[in-house]
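# Results of the structural survey
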Amino acid sequence: MKNATVLISGASVAGPALAYWLGRCGFAPTLVEIAPRLRDGGYAVDFRGPTNLAVLERMGVLDDLRDVQTGGCAMRFVDETGRQLLHLPPEFTGGDIEVLRSDLSRVLYEHSHDRAEYVFGDSIAGLTETPDGIEVEFEHGAPRTFDLVIGADGMHSGVRRLAFGPESEFVRHLGYYVAGWEVPNHLGLVGESRMHNVPGKVAGVAHDHRDPKKAGTTFLFASEELAYDRRDPEQQKKLVADAFVGVGWEAPVLIEELWDAPDLYFDSISRVDLPSWSRGRVALVGDAACGATVGGMGTGTAIVGAYVLAGELAAADGDHREAFARYEHIVRPSAQRCQKGGDRTGKFLAPRTVLGMRARNRLLGTPFLLDLMLKEGRKVTSTMDLPDYRFGA
Ligand SMILES: Cc1cc2nc3c(=O)[nH]c(=O)nc-3n(C[C@H](O)[C@H](O)[C@H](O)COP(=O)(O)OP(=O)(O)OC[C@H]3O[C@@H](n4cnc5c(N)ncnc54)[C@H](O)[C@@H]3O)c2cc1C
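Along each chain, the written sequence defines residue order, and numbers are assigned to residues from 1. Residues qualify for local features only when their pLDDT is at least 70, as the model is predicted, and side-chain atom pairs are given and counted only at 80 or more; totals for whole chains, interfaces and linings, by contrast, use all residues.

### What about the site of the ligand?
Applicable threshold: In this analysis a residue is considered near a molecule or strand if the C-beta atom, reconstructed from its backbone, is found within 6 Å of that molecule or strand. Think of it this way: any DSSP run of H or I at least four residues long counts as a helix, any run of E at least two long counts as a strand, and we number them from the N terminus. By the convention adopted, Pro, Cys, Tyr, Trp, Phe, Met, Ile, Leu, Val and Ala count as nonpolar, Lys, Arg, Asp and Glu as charged, and the other residues, Gly among them, as polar.
Not every one of the 33 residues close to the ligand is listed here, only the nearest: G10, S12, G154, G286 and G298. Secondary structure elements with two or more residues in the shell around the ligand: α1 (14-24), β2 (28-33), β3 (44-47), α9 (287-290) and α10 (298-315). Ranked by residues supplied to the shell around the ligand, first place goes to α10 with 4 residues. For the shell around the ligand, a count of residues per class yields 13 nonpolar, 14 polar and 6 charged.

### Re the sheet that holds strand β9 (residues 133-138)
Strand pairing in a sheet relies on backbone hydrogen bonds, with the paired strands running either antiparallel or parallel. Note the cut-off: Think of it this way: DSSP has to see at least two bridges between two strands before they count as a pair. Fitted lines through C-alpha atoms give the axes, limited to the stretch in contact for helices. The angle between two N-to-C directions lies from 0 to 180 degrees.
Taken in spatial order, the 3 strands make up an open sheet running β8-β9-β10, and their pairing is antiparallel. Both outer strands of the open sheet, β8 (124-130) and β10 (144-146), are each paired with one neighbouring strand and no more. Each adjacent strand pair in this sheet contributes to an overall mean axis angle of 30 degrees, direction not counted. Relative to β9, β8 runs antiparallel, the two being bridged by 6 bridges. Along β9, the bridge assignment pairs T130 with G133.

### Digging into the packing of helix α2 (residues 49-59) against α10
Put simply, the rule reads: Here the word oblique covers every angle except those under 35 degrees (roughly parallel), over 145 (roughly antiparallel) and from 65 to 115 (roughly perpendicular). Two helices crossing with the near one rotated counterclockwise from the far one by less than a right angle form a left-handed crossing, whereas a clockwise rotation gives a right-handed crossing. In this description, any two residues whose backbone-derived C-beta atoms lie within 7 Å of each other are considered to be in contact.
Axis separation between α2 and α10 bottoms out at 9 Å; the angle between their running directions is 55 degrees. Classified by the angle between their axes, α2 and α10 sit oblique to one another. α2 and α10 meet at a crossing whose hand is left-handed. Residues T51, N52, V55 and L56 of α2 lie in contact with α10, whose contacting residues are G300, I303, V304 and Y307. When its residues are assigned to classes, the contact of α2 with α10 shows 5 nonpolar, 3 polar and no charged.

### A look at the sheet that holds strand β7 (residues 117-120)
The strand order across the open sheet built from 6 strands is β7-β2-β1-β11-β19-β18, with neighbouring strands paired in mixed fashion. Of all the strands in the sheet, the pair left with one neighbour each is β7 and β18 (278-279). Pairing analysis gives 4 bridges linking β2 to β7, with the strands arranged parallel. Each bridged residue has a counterpart across the sheet, and for L31 the counterpart in β7 is Y118.

### Let's talk about the environment of E257
Looking at where E257 falls in the secondary structure, it is placed in helix α8 (residues 251-258). Counting along the chain gives 73 residues from E257 to P184, while the straight-line C-alpha distance between them is 8.5 Å. Those residues in contact with E257 that lie beyond four places of it in its chain are W181 and V183.

### Comments concerning the environment of Y43
So the rule is basically this: Exposure in this text rests on C-beta crowding, where 20 or more other C-beta atoms within 10 Å of a residue's own make it buried, 12 or fewer make it exposed, and counts in between make it partly exposed. The C-beta atoms are placed from the backbone.
With respect to the element layout, Y43 can be found in the loop between β2 and β3. Of the residues examined, Y43 has 15 C-beta atoms within 10 Å and is grouped as partly exposed. With 137 residues separating them in the primary sequence, Y43 and G180 have C-alpha atoms 8.9 Å apart. Apart from the residues lying within four places of it in its own chain, the contact partners of Y43 are R101, G180 and G216.

### Observations concerning the nonpolar core
As a reminder, the rule being used: Residues of type Ala, Val, Leu, Ile, Met, Phe, Trp, Tyr and Cys that are buried and joined through C-beta atoms within 7 Å form what is called a nonpolar core.
In this structure, A17, L18, V149, V285 and A306 are the most contacted members of the largest nonpolar core, which totals 72 residues. The element contributing the most residues to this core is α10, with 10 residues. Those residues within four positions of V149 in sequence are excluded, and the remaining contacts are L7, L127, I134, V136, V159, R281 and V282. Membership of the second largest hydrophobic core comes to 33 residues, among which are F77, V202, F219 and A251.

### A word on the pairing of strand β1 (residues 5-9)
How we decide: The definition of a right-handed crossover adopted here requires that, viewed with the strands pointing away, the path from the first strand over the helix to the second runs clockwise.
Where burial is concerned, most of β1 is hidden: 4 out of the 5 residues are buried. Taken together, the 5 bridges between β1 and β2 define a ladder with parallel strand orientation. Considered in β2, the bridge of T5 is made with A28. In this fold, β1 hands off to α1, which returns the chain to β2; that crossover is right-handed. Pairing of β1 with strand β11 (residues 148-151) involves 4 bridges; the strand directions are parallel. Within β11, the position partnered with S9 by the bridge is G151.

### Examining the packing of α1 against helix α5 (residues 101-112)
Between α1 and α5, the least distance of the axes is 9 Å, while the angle of their chain directions is 20 degrees. Considering the angle they form, α1 stands roughly parallel to α5. Both α1 and α5 take part in a crossing whose hand is left-handed. Taking contact as the criterion, the partners of P16, A17, A19, Y20 and G23 in α1 are, on α5, S105, L108, Y109, H111 and S112. Class assignment for the residues of the contact of α1 with α5 results in 6 nonpolar, 4 polar and no charged.

Without other data, these values stay purely geometric and don't point to any function.
Here it is in structure tokens:
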């Protein structure tokens with residue numbers, strides 16, 4: 001087989017899933033992850049529709065995921081006094097199966113670590129393609145040569161920057177920012193989240209599936225693209241706090257916790273679009289290729305993308321030109337349909353006008369329309385004919 005050694009950057013969802021499948025068909029995958037260990041992280045991700053579930057089943061991880069599923073979280077939009085304006089059932093946010101992203105990573109790691117070499121606490125610093133392979137320099141480790149390199153390193157992919165060009169060419173800001181941090185569960189929430197809107201903003205808090213004493217916030221606000229340092233959490237905290245000055249309900253209490261939060265998540269809601277997902281011996285998978293931050297069903301796309309990429313490499317006997325082209329041809333249309341959901345997330349959670357907020361509450365407060373939306377969500381992730389590949393045991 002050609003191109004046996006494959007370096008994968010990123011060990012969250014797409015990376016370990018790809019390593020699993022490549023290992024099963026005789027490739028030698030190496031994963032390099034910038035974090036010192038598997039990343040922990042409180043937020044939940046979901047899978048929707050038969051295509052997602054079929055891949056998980058074929059991987060043999062479905063039962064392990066069912067054991068740790070969170071069951072979704074009902075969403076209650078409330079006014080300033082806490083009075084309910086809209087209630088969405090757990091399946092609206094939780095899909096067919098919902099798990100913490102950190103649990104998903106752990107299960108994928110457990111199923112792939114004996115088929116792959118994992119290197120934590122390092123990242124790729126340079127890529128030089130030669131006719132026979134790619135010479136890779138690392139931030140810390142000694143240089144090595146691989147046959148192929150795959151970027152599974154998320155929205156802000158380092159591989160994409162090195163092999164395709166600057167992030168600004170491929171990542172489009174969709175007009176909103178999202179932040180999350182841990183807080184005490186002072187509202188005593190069980191299996192639900194509460195959200196409060198003012199135009200263009202939503203302050204939300206949900207119970208933490210891991211610890212009933214804890215909760216996690218989701219704050220979203222509409223904004224033009226902001227200039228800030230991605231490595232400076234103090235600056236990001238100030239941006240969030242400034243955006244929520246004057247917002248009532250529980251927002252001031254939750255913002256109070258922000259200043260000491262060690263774990264702030266802050267990012268723009270953005271969408272990744274590239275004219276091609278591969279260049280020479282380098283390809284992208286998951287959010288690095290077609291991410292949409294929140295609401296774009298990126299976890300399912302990552303899992304399906306990893307399955308098809310490995311399957312096509314195996315079917316082409318390692319011929320990367322043929323395999324990369326077929327992988328993209330099969331996965332891109334469905335990935336793009338999923339990404340459209342991400343385009344709407346900001347407007348859905350934080351409509352920019354009072355009229356928009358009322359219209360959303362009225363539409364989704366109608367059981368028939370809510371049901372229709374749930375069915376659409378499952379359909380969008382299942383528009384692709386999942387190929388059958390002959391993987392080894
Ligand atoms: C708050 C929130 C809620 C979400 N909810 C859902 C949901 O309900 N359903 C859903 O389908 N999706 C959801 N998503 C999206 C989902 O998390 C992503 O689509 C999914 O995690 C993509 O997986 P990935 O492996 O491609 O990338 P990521 O999960 O982003 O992982 C990238 C990995 O690469 C590592 N990395 C980054 N840079 C480097 C580097 N230079 N070198 C080495 N390693 C690097 C990172 O540390 C990380 O481990 C949500 C996202 C957020 C932020």
